[in-house]
Amino acid sequence: MNASVAGSTAVMGASGATKMVGGAAMYPTKDIVDNAVNSRDHTTLVAAVKAAGLVDTLKSTGPFTVFAPTNNAFSMLPAGTVDTLLKPENKQTLTQVLTYHVVPGKVDAASLAQQIKAGGGKAMLKTASGGTLTASMRGNDVLITDAKGNAAVVTTADVYQSNGVIHVVDKVLLPS
């Protein structure tokens, strides 16, 4: 069964819709890493996950919720930040930044909206790094705010994976 919404195509499969992200189909039967490597909008994120040694973790059973910054989001960081983080001597800091984008469990858009409503307009999400992200709404947009007060907009929600769900965000989230 195919569904077309605003020019994007989703193909329904046994585990939900296959969405297009970064010009590639994201199959709900594949894990987070196996899908992300095909997105041309997430090459920086994939390189960072590899450099941090998190491939095996994100290929494991999970489930995980990943707020996945695009290449453009990484490019908004101060000049040289990404290159510095990718150096072997900065693996611990890189791991901290990346795991700050991961929430244990499967939090799809519907459950996130329920948490925001139940929290009086805010939902606090405990990250795999031990930090906290704050989810809120701005009109129809879901905002994910980091410990420094920077807010990322979820640009594509509910990209289902065999071991969780990805929400594409337009900024890199930074722990305190």
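The shown structure was predicted, so the numbers you read here are calculated from the model rather than taken from an experiment. (Residues numbered from 1 in each chain as written. Predicted model: local features only at pLDDT ≥ 70, side-chain atom pairs only at ≥ 80, totals over all residues. Heavy atoms only, no water.)

Draft legend 1. Highlighting the overall build of the protein. Counting secondary structure elements, the protein contains seven helices and 11 strands. The C-alpha extent of the protein, read off along each of the three principal axes, is 50 × 35 × 30 Å. A total of 176 residues make up the protein; the buried ones form 45% of that total. Looking at the protein alone, contacts between residues at least 24 apart form 56% of all its contacts between residues at least 6 apart. Within the structure as shown, the protein displays about 8800 Å² of accessible surface, and the carbon and sulfur contribution to it stands at 54%. Computed over 14 positive and 11 negative side-chain charges, the separation of the two mean positions in the protein equals 3 Å. (Helix = DSSP H or I, 4+ residues; strand = E, 2+ residues; numbered from the N terminus. Buried < 20%, exposed > 50% of the residue type's maximum accessible area, 1.4 Å probe, protein only. Contact = heavy atoms within 4.5 Å. Areas by Shrake-Rupley, 256 points an atom, 1.4 Å probe, with all protein chains shown as cover. Lys, Arg positive; Asp, Glu negative; His and termini not counted. Charge placed at Lys NZ, Arg CZ, Asp CG, Glu CD.)

Draft legend 2. Quick look at the environment of Gln115. With respect to the helices and strands, Gln115 occurs in helix α7 (residues 109–118). Note: C-alpha distance between Gln115 and Val103 (12 residues apart in sequence) is 14 Å. Excluding its chain neighbours within four sequence positions, the residues that come into contact with Gln115 are Val107, Lys122, Ala123 and Leu125.

Draft legend 3. How the structure looks around the nonpolar core. If you look at the biggest cluster of nonpolar residues, it comprises 27 residues, and the most contacted ones within it are Leu58, Val66, Leu98 and Ile166. When near neighbours in sequence (up to four residues on either side) are disregarded, Val66 contacts Ile32, Leu58, His101, Val102, Val165, Ile166 and His167. Among the nonpolar cores identified, the runner-up in size contains 16 residues, and Val107, Ile116, Ile144 and Val169 belong to it. (Core = buried A, V, L, I, M, F, W, Y, C linked by side-chain atoms within 4.5 Å.)

Draft legend 4. Structural context of the packing of helix α2 (residues 43–51) against helix α6 (residues 91–99). Running from N to C, α2 and α6 cross one another at 125°; their axes reach a closest spacing of 9 Å. With respect to α6, the element α2 is oriented oblique. As for how α2 packs across α6, the hand of that crossing is left-handed. Contacts between α2 and α6 involve Leu45, Ala48, Val49 and Ala51 on the former and, on the latter, Lys91, Leu94 and Leu98. (Axes fitted to C-alpha atoms, helices over the stretch in contact; angles between N-to-C directions. Parallel < 35°, antiparallel > 145°, perpendicular 65-115°, else oblique. Left-handed = near helix turned anticlockwise from the far one by under 90°.)

Draft legend 5. The arrangement of the side chain of Gln161 in detail. Looking at where Gln161 falls in the secondary structure, it is placed in strand β10 (residues 151–161). Residue Gln161 is classed as buried on the basis of its relative accessible area, which comes to 4%.

Draft legend 6. Fine view of the pattern of salt bridges. All chains considered together, the criterion is met by three salt bridges. Two residues, Asp141 and Arg138, come together in a salt bridge whose shortest N-O distance is 4.0 Å. In the salt-bridge network here, residues are joined through shared partners; they are Asp31, Asp34 and Lys59. (Salt bridge = Lys/Arg side-chain N within 4 Å of Asp/Glu carboxyl O.)

Draft legend 7. Geometry of the sheet that holds strand β5 (residues 64–69). In spatial order, the strands read β6-β5-β11-β10-β9-β8-β7; together these seven strands make up an open sheet with mixed pairing. Looking at the sheet topology across the chains shown, the edges are occupied by β6 (102–104) and β7 (122–126). Taking the axes of each pair of neighbouring strands and ignoring which way they run, one obtains an average angle of 30° across the sheet. Bridge analysis of β5 against strand β11 (residues 164–169) gives six bridges, and the strand direction is parallel. In the sheet register, Thr65 faces β11, and the bridge partner there is Val165. (Pairing = 2+ DSSP bridges.)

Without other data, these values stay purely geometric and don't point to any function.
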